[in-house]
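# Overview (structure and organization)
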Amino acid sequence: MRSAQGTPSWLGAVNDRVGLSALLDHGALTRNRICELVGVSKPTASMMMSRLIAAGEVEERGQVGGNPGRSATLYAARIDRPLGVAIAIDAYELRASVVDAAGSERPVVRFELPASADERSAVDEVGAAIREASAAAGTDPDVVHAVCIGTAGYVDPGGAGTLFSETLPGWPVTGLRATLEAALGVAVFVENDVNLAALAERESGAGEGRDVFALLWLGNGVGASFDVAGDLHRGSFGGAGEIGFLPLSAEARALDPEATSSQDLAGSIGVRRMARARGLDAADYRSTLEAVVASDLRDEFFDELGERVAHIALPLLATLDPGRLVLAGPTARAGGSRLSDAVERDIRRLSRWYPEVVAAGVDDDPVLAGAQVFLAAKVRDDLLGTVARLRVP
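Heads up: these notes are all about the structure in this document. (Residues numbered from 1 in each chain as written. Predicted model: local features only at pLDDT ≥ 70, side-chain atom pairs only at ≥ 80, totals over all residues. Heavy atoms only, no water.)

## Notes on the overall build of the protein
Scanning the protein from N- to C-terminus turns up 13 helices and 15 strands. Counting the 393 residues in the protein, one finds 50% classified as buried. Sequence separation of 24 or more characterises 60% of the internal contacts of the protein that already satisfy a separation of 6 or more. Roughly 18,400 Å² of accessible area belongs to the protein as shown, and the carbon and sulfur atoms make up 49% of that amount. Side chains of the protein give 38 positive and 54 negative charges; the mean places of these two sets differ by 7 Å. (Helix = DSSP H or I, 4+ residues; strand = E, 2+ residues; numbered from the N terminus. Buried < 20%, exposed > 50% of the residue type's maximum accessible area, 1.4 Å probe, protein only. Contact = heavy atoms within 4.5 Å. Areas by Shrake-Rupley, 256 points an atom, 1.4 Å probe, with all protein chains shown as cover. Lys, Arg positive; Asp, Glu negative; His and termini not counted. Charge placed at Lys NZ, Arg CZ, Asp CG, Glu CD.)

## Focus on the environment of G230
For G230, the location among the structural elements is in the loop between β12 (222-228) and β13 (231-232). Each C-alpha atom, one on G230 and one on L199, is 8.2 Å from the other, the two residues being 31 residues apart in sequence.

## Details of the sheet that holds strand β6 (residues 109-112)
Taking strand neighbours across the sheet as the criterion, the five strands line up as β6-β5-β4-β7-β10 in an open arrangement whose pairing is mixed. Unpaired on one side and paired on the other, β6 and β10 (187-192) mark the two borders of the sheet. Averaged over all neighbouring strand pairs, the angle between strand axes comes to 20 degrees, with direction disregarded. As judged from the six bridges shared by strand β4 (residues 83-89) and strand β5 (residues 93-99), these two strands associate in the antiparallel manner. (Pairing = 2+ DSSP bridges. Axes fitted to C-alpha atoms, helices over the stretch in contact; angles between N-to-C directions.)

## Structural notes on the packing of aromatic side chains
Taken as a whole, this structure holds three aromatic pairs when the rule is applied. Stacked on the ring of Y92, the Lys or Arg R286 has its end atom at 4.3 Å from the ring centre. (Phe/Tyr/Trp six-rings, centres within 6.5 Å; stacked < 30°, edge-to-face > 60°. Lys NZ or Arg CZ within 6 Å of the ring centre and 35° of its normal.)

## Here's the deal with the packing of helix α6 (residues 193-204) against helix α13 (residues 366-385)
Two numbers describe how α6 lies on α13: the axes approach to 7 Å, and their chain directions differ by 75 degrees. By the angle between their directions, the pair α6 and α13 is classed as roughly perpendicular. Residues D193, L196, A197, L199, A200 and E203 of α6 form the contact with α13, whose participating residues are P366, V367, A369, G370, A371, V373 and F374. Partitioned by chemical class, the residues of the contact of α6 with α13 number ten nonpolar, one polar and two charged. (Parallel < 35°, antiparallel > 145°, perpendicular 65-115°, else oblique. Nonpolar A, V, L, I, M, F, W, Y, C, P; charged D, E, K, R; others polar.)

## Notes on the sheet that holds strand β14 (residues 324-328)
Across the sheet, five strands lie side by side as β13-β12-β11-β14-β15; this open sheet has mixed pairing. What marks the edges here is a single partner per strand, and that holds for β13 and β15 (356-359). Bridge analysis of strand β11 (residues 212-218) against β14 gives five bridges, and the strand direction is parallel. Bridge pairing in β14 links L215 to V326. α6 contacts β11, β12, β13 and β14 of the sheet and is inclined by roughly 130 degrees relative to β11. Running over the sheet, helix α12 (residues 330-350) touches β11, β14 and β15 and is turned about 170 degrees from β15.

See the structure below:
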């Protein structure tokens, strides 16, 4: 079979893809600016835009003043399709937003979830997320091609695709992706919430520009994510970073004799136990954190918690040896720099490692933000793929 590479049609498709990428990255551009960014001549840029307009991927968006007496046409990528919907779901609520190829900011919708498994339905909940997010964004739900669902736990990529999660009662334990894709007609990606938080940090937070970093999530549970040169290490079975169930060392157990796992020591159970010992009893984990932050015992509390977190971080450091450890999640957000400084100090005291320990840079719903980053790349690839389907002459 004759190769298409090097033929006029191949070169045209390559130019079109690069031109469309420039519009996605920079917004509306004139022909002259496209020439500068892509490195093509004015006639070539004109042909690129003509082909992309004919294909429905680009549109003319008004004109801008140029030389005296002349104006230049502005060209912009059409980002109204294909679209995706990013979803973050926990034990309490679902949050969702539409995602386009340019990563534009879109409204976030949220709705509470019933506690009973009998009232839950994966298909109904994801379907409602697509409809409500599309309505809020003023977009067509029928052009949604993919969804990314961020949740605690993970789906084993092999075999029947077993779901390991305690926050999705009533959802299928096996065949979740296949069930959703068949019912909704979209590609479905189920991602671990901590991995998505790491994606958000890599994009615009404490992991930006770092070769290697580890993220330690401190929330209702405890988890970790490993980012190596921009690639997340998920493991062969999807469970890399599930450190919450690891047993504690004898030294760590001495800090809290009732704790047997990392989750017991520094998850919501451990946080509430520490708070009660200081007379800060509250109805639930969230209100416990609020009580701690508002009390005069805040610094003392997070200093002690820092030692606990340092102990559970040691296996991560021994495995990956990252230069930076990012603390994320509700507990880390409440503790801020006081907690990160305490963790860094105690890691150095307890071990030979000395990573920089910092608080996460993405405060506003990092799981949803990570799902948006993940899905924007997928939607962008789908859009660019429409101009890269070449026919061999």
